[in-house]
Amino acid sequence: MSASAIEEAPLPPSSGRSPGSRAWVRFRNNRIAVLALVLLALINIAAVLAPVLSPYPPNAVSLRERLQPPSVKHPLGTDENGRDMLSRLLYGARISLAVGIAAVVFAVFLGALVGGAAGFVEGMTDSVLMRVTDGMLSVPIFFFMITTLALFGATLTNIILVIGVTSWMSVARIVRGEVLRNREMPFVEAARSLGAGPFHILFRHVLPQSWPAIIVSATLGIGWAILMESSLSFLGLGVQPPDSSWGNMLSKARGYMWNAPLLAFIPGFAIFLTVLLCNWLGDGLRDALDPTGT
Amino acid sequence: MSGTPVSSGLSRRSLLAGLASAPVMTSILGGPAGAQAPVAGGAFTIPVISNPALWPLIGGVQNVMVNRVLFNSLTSYDDPNQKVVGDLAEKWSVSEDGLTWTFSLYPNVTWHDGKPFTADDVVFTITKIWLNPKISFPQRSNFATLTGAEKVDERTVKLVTNVPTPALPVMLGYLAPILPAHVFSSWSNEDFTRPTAFTKSPVGTGPFKFGEFTPGSSVRLVRNDAYFRGKPLLDALVFKIMPDVEQQFAQLQSGQLDWMIIEPYQIDALKGNARIKVNDVKSNMYFYVGLNDAMPPFDDKRVRQALSYAVDRQAIIDGALAGRADIAASPITPVLADFHNDKVESYAIDLKKAGDLLDQAGWKVGAGGIRAKDGKPLKITLDVDAGNTTREQIALIVQDNWKKIGVDTTIKTGDFGAFVQRMRAKPSDLQAFICWWITAPDPDIISYYGTDKTLNIFAYSNPAVDKLLDEGRKTIDLAQRAKLYKDAQVLIAQDAPCVFLYYAREIESVSANLRGWSPTLGYRYALGQAEKIWKAK
Amino acid sequence: MARYLIRRTGEAAVLILVVSFVAFLLVYMAPGGPAVLLDPNMTPEDAALMKNLMGLDEPFHVQYWRWLAAIAQGDLGLSLSVRLPVYDIIRQQLPNTMVLAAASLVVAVTISVPLGVIAAAKRNSIVDQAVALLSSFGLAVPAFWFGLLLVIAFSLKLEWLPAGGMATDGDGSFWDVARHLVLPTLVLATSNMAQLTRHTRSAMLTVLREDYVRTARAKGVSETVAIYRHALRNALVPVLSVIGLLLPQLFGGAAVTETVFSWPGIGQLAVRAAFERDYPMIMGVAMVTSVIVILASLMVDLLYAWIDPRISVAGR
């Protein structure tokens, strides 16, 4: 079910002069990636400004206006309760994106901890942690997600935690690789000799080196998390109404596919587009950072 | 007593199936019946939400449906209005003191394995299972007054109660199948927790017997040629396991399913489909907004009445139920025609009155139009189980209605299981919640409205009601009994323990060539008459 | 090689044990109880009795140990909601998932590998971009939505294919099952196809840069031969390991796909068991699927090591 579960972002050892600016030039020349970046920025801005942009409150029920086609009054029509689809879409974006971003932030944090620990403490710890990482990738983790949410309740926090806990593995590998590469570097040695602890070194010196790769992984991860929330919503384990996420809007709209297909098309397309843009952006970033090229 | 919000408290989806459950159309399909001679053969295919247990001692919609066909009870229900009729029992009588019931059993009934059915089976089922606290039996509370059963002769049993129990014949038909003594007599109490020897090939007396169980796909029941009411017309009854209702709906439309309970919003999609007919079945089920009468502000009757006056039930019925329901005002539904009282306070929408009542109760309109008392705003959390579109819609309408009288309502949705647990907790932390009761067709509602009774989830208490309900459950005379319950309904309606919303109908969609299926009885009981079903060419 | 084999097998065994612990812990810590205990009609005494009969009121280690000991003897317990042995149900539903997963994998591989190879060979061409676009679509579309669109188009409008289920009642011939298999296979294969295409492409690109391919080219071996004879064979090794990683996703994806299409497999079973809080079934499905996926990954790894001996030395 996941893209990010196996997406890795291998980076070559950073070579020479200002790789950042060269990457930026490469990125700028990738039209699809730039387009994705711009559109994603717009989607995020729209989500943040939802209260301003929405013509109606997202839960304002108007039973006389159920299942209306798009009109001037309701640019995207109304849903089964006569709620304005545009408003719900905008508010849904907030929740869907928040789930995606929060889950990924949590995953990055977990991944950095595991990868960092594995890299710094060699031997048993490293080997155990890496086996855990591999192990997470080789069990049908989605079953555990379903079970956890069904048993413990599909609250927003639980959904974010569950998605986060199951998607930190690629970050852990990236960070571990970076730690191993940098451990003997002079600046790390220097920090260590000044008495810096491993956490300090990890977060202040090593992680910054890994950011490019982590960002690639995180970008792909956000798309994956949004997709995952929609799958969970389909099973009834996603964000719960009356809060609207794109996933639960889509899941609910399936019931109206026969007489109001637009209702399902709109959130479905929003998910599809956002995930697609995340993937394009992630790919673009990777290509820019890793010109040799996979 | 028997009541279940959706008899299986399983998941939101089974809820859905449960909610919807009752078929109907009395042979609507057949038109004036008899226009056509019955045709034998074929299969009747209906969906269930997940793998059923072929074990009659647990609840759950999917289990109840299959087991209704495999097994018989002493009594059952039939048109009109779910009246009690004999099933395995041909007739019965009650002694002068109302404590001893004598049931005569039909002759020539055989178990699916060929052994004859006798009074021994009835006595065994009652004494060794229902009355045995070491074996789990969900309907046990329905038989709280039953103290024993004894065999009079091969075809006669005597049931003894410790107080007169007019509801007994009704309860005997409610999820209380008779099991084969010859199979179970050697079982220990522990064996009943691991009944695999039986569930692998169940033995009942029903019109169809166990054929094949393909987990995840279907349960196939095949014709019982020796059925005591006559050889069934169909060759088989197939219960297809389909967890997704949209998939069920797709297969219904394409003709792969013959029957399904649908949600109101799905009706439109069936317009113009000549293969399918839609019936609505009045069922002994009502929906309400439960209020926690023990918790402020709901402990003030005026607040509860105000909330009742503010709800636009007609808008709910038109908006969320496609017009297929009736406004409810009391907890005994019109299906129980002898007992239903339609002359009670009905709280027809009256925002002015609602506002006045709140004013009197001290809740004055404050900032932002929200009422407040002693500086505390009137905020209510309204719980509803997640996943059912219709109930979520109702919650939104109620929220909107209440807003008009200055009540700030927050809707909270959650898993049905957790919801039931919170409902049953005493004291409950729920404030207001949308739920429903579906009960055996008997007016005894003391478990739901009697002070401190197990299913009194509103924490409602009125000594006068307690007294009437207690009398009612012990009064054998029908007219007297009806009077007691009619009086109780008046008092309950005045107290507004909850906001009564509507008497529900179950909307069933049935393939147009189905015959012999009562359009008014409801699938729970129509399936018990499966021998009559046939399909026209 | 022998040491590697022993080490990997040992790791797999430990992983299985860890999975069993996690599965059990999840269920043990869950608030509430099995749905059969939530029937509002049941008296508290009856609920307590059932809980006791099911052994749910004993301490964690007792329950866990008893369960583990039973599993070791092949006994996965009794389903609380179906009242049949968990093993019996899984044994009958698992093969259906295997059929679906295998069909999806075959479809994914036969489509993705050639697409990935062509995309790599014609890097940056229109074809490459079209393939990239197609696979990014495949990664972004919500499976259940795609599934329902297919049902509406092919089952309800065109009436070419059945909307769901595995066989027509009373049929069940090969062709009948095959017809039922088409749509779910397509849905389950979509995201895997996209991933596999991308990985094949990148593996091919890596190999195409390697010395021996360049040497082959330099020697005048034609481009086609260089790609298909030399590069593809080497690129298939990393592709194989990706397939190993796709297996858990196939099972996970089956939960959604099987629910959409009423496919009688273990994914649908897992979803229902979770909703019904059928503890033994939840744990049984988790164990069986994990063991299968872990063993399959182990086999892929061993195969990989056998094809490319450098692995066992380097340690993956």
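Reading guide: rules and limits
- Residues numbered from 1 in each chain as written.
- Chains lettered and ligands numbered in written order.
- Predicted model: local features only at pLDDT ≥ 70, side-chain atom pairs only at ≥ 80, totals over all residues.
- Heavy atoms only, no water.
- Helix = DSSP H or I, 4+ residues; strand = E, 2+ residues; numbered from the N terminus.
- Buried < 20%, exposed > 50% of the residue type's maximum accessible area, 1.4 Å probe, protein only.
- Contact = heavy atoms within 4.5 Å.
- Core = buried A, V, L, I, M, F, W, Y, C linked by side-chain atoms within 4.5 Å.
- Pairing = 2+ DSSP bridges.
- Buried area = accessible area lost by both parts, 1.4 Å probe.
- Salt bridge = Lys/Arg side-chain N within 4 Å of Asp/Glu carboxyl O.
- Polar contact = N/O pair within 3.5 Å; in protein donor to acceptor, adjacent residues only side chain to side chain.
- Nonpolar A, V, L, I, M, F, W, Y, C, P; charged D, E, K, R; others polar.
- Phe/Tyr/Trp six-rings, centres within 6.5 Å; stacked < 30°, edge-to-face > 60°.
- Axes fitted to C-alpha atoms, helices over the stretch in contact; angles between N-to-C directions.
- Parallel < 35°, antiparallel > 145°, perpendicular 65-115°, else oblique.
- Left-handed = near helix turned anticlockwise from the far one by under 90°.
- 1 Å grid on protein atoms, 1.4 Å probe; cavity = no way out; pocket = protein on both sides within 12 Å on 5 of 7 lines; lining within 4 Å.
- Points joined across faces, edges and corners; volume = space filled by probe spheres on them.
- Domains from an automatic or database assignment.
- Patch = residues over 30% accessible without salt bridge, like charges linked within 9 Å, V, L, I, M, F, W, Y side chains within 5 Å.
- Areas by Shrake-Rupley, 256 points an atom, 1.4 Å probe, with all protein chains shown as cover.

Counting its secondary structure elements, chain C contains 12 helices and zero strands. Going from N to C terminus, chain C has its helices and strands arranged as α-α-α-α-α-α-α-α-α-α-α-α. Overall, the C-alpha framework of chain C stretches about 85 × 60 × 35 Å when taken along its three principal axes. By the burial criterion, 59% of the 316 residues in chain C qualify as buried. For chain C, the share of sequence-separated contacts (at least 6 apart) that also reach a separation of at least 24 residues comes to 74%.

One finds Ile 163 of chain A, Phe 44, Trp 130, Leu 159, Leu 237 and Phe 239 of chain B together with Ile 90 of chain C to be the most contacted residues of the largest nonpolar core, which totals 274 residues. Broken down by element, this core gets its largest block of residues, 17 residues, from helix α10 (residues 198-234) of chain A. Counting residues in each nonpolar core, the second largest holds 78 residues, with Leu 336, Tyr 347, Leu 357 and Cys 435 of chain B among its members.

Our next topic: the sheet that holds strand β15 (residues 364-365) of chain B. All names here are of chain B. Spatial ordering of the open sheet is given by β15-β16-β17, a layout of three strands whose pairing is antiparallel. In the strand order of this sheet, the two ends are held by β15 and β17 (376-377), each with one partner. Judged from the two bridges that link them, strand β16 (residues 371-373) and β17 form a sheet pairing that is antiparallel. What sits directly across from Lys 373, in β17, is Lys 376.

Here the focus is the interface of chain B and chain C. Frequently, the measure chosen for interface size is the accessible area that the parts lose on association. Contacts between the two partners involve 62 residues from chain B and, on the opposite side, 44 residues from chain C. Summed over both sides, the interface between chain B and chain C buries roughly 4200 Å², with carbon and sulfur atoms accounting for 56% of that surface. In this assembly, chain B and chain C are joined by one salt bridge. Asp 88 of chain C is the partner of Lys 200 of chain B in a salt bridge, and the nearest nitrogen-oxygen pair spans 3.3 Å. At the surface where chain B touches chain C, the tally comes to nine residue pairs in polar contact (both at pLDDT 80 or more). Among the residues making up the side of chain B that touches chain C, the classes are represented as 24 nonpolar, 27 polar and 11 charged.

We now examine the interface of chain C and chain A. Contact with chain C, which involves 62 residues of that partner, is made by 47 residues of chain A. Note on chain C versus chain A: buried area summed over both sides is about 4600 Å², and carbon and sulfur give 74% of it. By the criterion of area lost to chain A, the three top residues of chain C are Leu 26, Phe 144 and Trp 145 of chain C, representing 15% of everything that side buries. Across the chain C-chain A interface, the total number found is two salt bridges. Where Glu 11 of chain C meets Arg 131 of chain A, a salt bridge forms, and the shortest distance between an N and an O atom there is 3.5 Å. Across the contact surface, chain C and chain A share six residue pairs in polar contact (both at pLDDT 80 or more).

With that out of the way, let us pick up the pattern of salt bridges. Scanning the entire structure with this criterion turns up 47 salt bridges over all chains. Across the salt bridge formed by Glu 65 of chain A and Lys 73 of chain A, the nearest N and O atoms sit 2.7 Å from each other. Overall, Lys 73 of chain A belongs to the partly exposed group, its relative accessible area being 46%. In this structure, Asp 283 of chain A engages Arg 286 of chain A in a salt bridge whose closest nitrogen and oxygen atoms are separated by 3.4 Å. One end of the pair is Asp 283 of chain A and the other is Arg 286 of chain A, both in helix α12 (residues 261-289) and three residues apart, which spans about a single turn. Each of Arg 131, Asp 134 and Arg 173 of chain A together with Arg 7, Arg 8, Glu 11 and Asp 301 of chain C takes part in salt bridges that share partners, so that together they form one network.

Moving on: the packing of aromatic side chains. All names here are of chain B. Tallying each qualifying case throughout the model produces 50 aromatic pairs over all chains. For the ring pair Trp 437 and Tyr 448, a centre distance of 4.6 Å and an interplane angle of 65° mean the geometry is edge-to-face. Taken together, the residues Trp 437 in strand β20 (residues 432-439) and Tyr 448 in helix α13 (residues 446-449) connect sequence positions 11 residues apart. Across the pair, Tyr 448 and Trp 437 agree in class, each one buried. Of the aromatic side chains, those joined through ring pairs into one cluster are Tyr 286, Tyr 288, Phe 419, Phe 433, Tyr 449, Phe 458, Tyr 460 and Phe 500.

All names here are of chain A. In the contact formed by helix α2 (residues 31-48) and α12, the axes pass within 8 Å of each other and the chain directions differ by 135°. As far as their axial angle goes, α12 and α2 are oblique. Of the two elements, α2 crosses α12, and the hand of that crossing is left-handed. Packed against α2, whose contacting residues are Ile 32, Ala 33, Ala 36, Leu 37, Leu 39, Leu 40 and Ile 43, the element α12 presents Thr 274, Leu 277, Cys 278, Trp 280, Leu 281 and Gly 284 at the interface. Per-class residue counts for the contact of α2 with α12 are 11 nonpolar, two polar and no charged.

A few words on the layout of surface pockets. Residue and element names in this part refer to chain C. Roughly 910 Å³ of internal volume is contained in the second largest pocket. In terms of lining residues, the second largest pocket is bounded by 39 residues, among which Leu 53, Met 54, Gly 55, Leu 80 and Pro 280 are the most central. Every element with two or more residues in the lining of the second largest pocket is listed here: α1 (2-29), α2 (44-53), α3 (60-72) and α11 (279-307). It is α3 that provides the largest number of residues to the lining of the second largest pocket, a total of four residues.

Moving on to the domain arrangement of chain C. All names here are of chain C. Parsing chain C into structural domains produces domain 1 (2-72) and domain 2 (91-314). In this structure, domain 1 and domain 2 have C-alpha centres spaced 32 Å apart. Taken together, the contact pairs 21 residues of domain 1 with 17 residues of domain 2. For the pair domain 1 and domain 2, the summed buried area comes to about 1700 Å², and 79% of that belongs to carbon and sulfur atoms. Sorting the residues of domain 1 by area buried against domain 2 places Tyr 4, Ile 16 and Val 27 first, and these three jointly supply 34% of that buried surface. Between domain 1 and domain 2 we count one salt bridge in total. Two residues, Asp 301 and Arg 8, come together in a salt bridge whose shortest N-O distance is 2.7 Å. Connecting domain 1 to domain 2 are one residue pair in polar contact (both at pLDDT 80 or more). Looking at the side of domain 1 that touches domain 2 residue by residue, the class counts come to 16 nonpolar, four polar and one charged.

A regular strand carries its side chains on alternate faces of the sheet. Residue and element names in this part refer to chain B. Extensive coverage of strand β2 (residues 43-48) is indicated by the burial of six of its six residues. The alternating pattern of β2 places Ala 43, Thr 45 and Pro 47 on one face and Phe 44, Ile 46 and Val 48 on the opposite face, and all of these are buried. Bridge count for β2 against strand β11 (residues 236-241) is six bridges, and the pairing is parallel. By the bridge assignment for β11, Ile 46 is matched with Phe 239.

Moving on, we get to a nonpolar patch on the surface. Residues and elements named next belong to chain A. Together, Val 38, Leu 42, Ile 45, Val 48, Leu 49, Val 52 and Leu 53 line one region of the surface with nonpolar side chains, adding up to about 650 Å² of accessible area. For the nonpolar patch, the elements supplying multiple residues, two or more each, are α2 and α3 (50-53). As for its position among the elements, Leu 49 is in the loop between α2 and α3. Residue Leu 49 is classed as partly exposed on the basis of its relative accessible area of 37%.

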